[in-house]
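# Fold and geometry: a report
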Amino acid sequence: MIFKVFYQKDKSRSPRRETTETLYLDLDVETKEAGIIAARTLLAENTEYHVEFIDSLSDESVEYEKETGVFEITSF
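First, a word on what this report is: a plain description of the structure on this page. Note that the coordinates shown come from a computational prediction; the quantities given were computed from them, not determined experimentally. (Residues numbered from 1 in each chain as written. Predicted model: local features only at pLDDT ≥ 70, side-chain atom pairs only at ≥ 80, totals over all residues. Heavy atoms only, no water.)

Following the criterion strictly, the structure yields 5 salt bridges and no others. Between K4 and E65 there is a salt bridge, with the nearest N and O atoms lying 2.9 Å from each other. Note that K4 is positioned in strand β1 (residues 2-8) and E65 in helix α2 (residues 59-68), a separation of 61 residues in sequence. For K4, a relative accessible area of 13% gives the class buried. Relative accessible area serves as the criterion here: at 12%, E65 is assigned to the buried category. Among the ionic pairs, R16 bridges to E18, the shortest N-O distance being 3.7 Å. When its relative accessible area of 40% is taken as the criterion, R16 is described as partly exposed. On the accessibility criterion, E18 (58% relative accessible area) is exposed. (Salt bridge = Lys/Arg side-chain N within 4 Å of Asp/Glu carboxyl O. Helix = DSSP H or I, 4+ residues; strand = E, 2+ residues; numbered from the N terminus. Buried < 20%, exposed > 50% of the residue type's maximum accessible area, 1.4 Å probe, protein only.)

Below you can see the structure in the form of structure tokens.
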């Protein structure tokens, strides 16, 4: 399942829409909820990011992201 993570690189400042960044994770999970928990754990162990929001992407959303943006799966 592919998850899109919205985050801020700096935890010391208040989140601002203008500085929000995204990354994509491909996680082997059964449910969306398990994926969100796994993503938060993975990010907490490997980054100092302030995670704002995590959402699973449908197949159609993944195709859209590939066509319109910089789509690259992040791995740790």
